[in-house]
Amino acid sequence: MAIRKIRELGDEILTGKCKEVTRMTLRTKILIHDMLDTMYEAMGVGLAASQVGILKRIVVIDVGDGPIVLVNPEIIESSGEQTGEEGCLSVPGKAGTVTRPNYVKVRAQDEDMKEFEIEGEGLLARAFCHEIDHLDGKMYVDLVEGGLHDVNSGEDE
Ligand code: NI
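What you see is a predicted model, and the numbers here were worked out from it, not measured in a lab.

Chemist: Lay out the overall build of the chain in plain terms, naming residues and giving numbers.
Modeler: The helix and strand tally for the chain stands at 2 helices and 8 strands. When the helices and strands of the chain are placed in sequence order, the string is α-β-β-β-β-β-β-β-α-β. Its C-alpha atoms give the chain a radius of gyration of 15 Å, within 12% of the compact-globule value 15 Å for 157 residues. The C-alpha extent of the chain, read off along each of the three principal axes, is 40 × 35 × 30 Å. Out of the 157 residues in the chain, the part that is buried amounts to 46%. Intrachain contacts of the chain at a sequence separation of at least 6 include 67% that bridge at least 24 residues. Split by element, the accessible area of the chain, about 8,500 Å² in all, is 47% carbon and sulfur. Positive and negative charge centroids in the chain, built from 17 and 30 side chains respectively, lie 10 Å apart.

Here it is as structure tokens:
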């Protein structure tokens, strides 16, 4: 297990299109575990492989209910709307207001390439949208309403 370097806004790999994972290899399993370690170390709720410089369709998420690993995820259903604060480990110290669906259903494969579906509401739905956007080279900063602002770390919300 290792902590990988998180690429930041301006790094062109973040705008690259991630490729489908066609088979699970030891190397890819190690990547997934490193992504989880890197996300937890940075205290994020989600991380896409492109954020650690690997253009593969892999996302890890933990909104507080345990780790979720999504290989080749696709949004197959969404409804409702939520408007709220969003941030990204690739844009440290910043946040902005983004409108997303309030409910999202995702079809993906797990670490053993077994297909499953998972639903999320609220923050989890937001994380699914944000992370899957990364796989298509899209950053939340392009969706922000009213500009980015600084996040004061160390201050209670
Ligand atoms: Ni992000």
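Moving on, there is more to tell.
Chemist: Explain the pairing of strand β6 (residues 103-109) to me, using residue names and the numbers behind them.
Modeler: Two faces belong to every sheet, and in a regular strand the side chains alternate between them. Burial of β6 is extensive: 6 of the 7 residues sit out of reach of the surface. Bridge count for strand β3 (residues 68-79) against β6 is 6 bridges, and the pairing is antiparallel. Bridge pairing in β6 places Val71 opposite Gln109. Pairing of β6 with strand β7 (residues 115-121) involves 7 bridges; the strand directions are antiparallel.

Criteria and thresholds
- Residues numbered from 1 in each chain as written.
- Predicted model: local features only at pLDDT ≥ 70, side-chain atom pairs only at ≥ 80, totals over all residues.
- Heavy atoms only, no water.
- Helix = DSSP H or I, 4+ residues; strand = E, 2+ residues; numbered from the N terminus.
- Rg over C-alpha atoms; globule rule 2.2 N^0.38 Å.
- Buried < 20%, exposed > 50% of the residue type's maximum accessible area, 1.4 Å probe, protein only.
- Contact = heavy atoms within 4.5 Å.
- Areas by Shrake-Rupley, 256 points an atom, 1.4 Å probe, with all protein chains shown as cover.
- Lys, Arg positive; Asp, Glu negative; His and termini not counted.
- Charge placed at Lys NZ, Arg CZ, Asp CG, Glu CD.
- Pairing = 2+ DSSP bridges.

No statement about biological role is implied by the geometric values presented.
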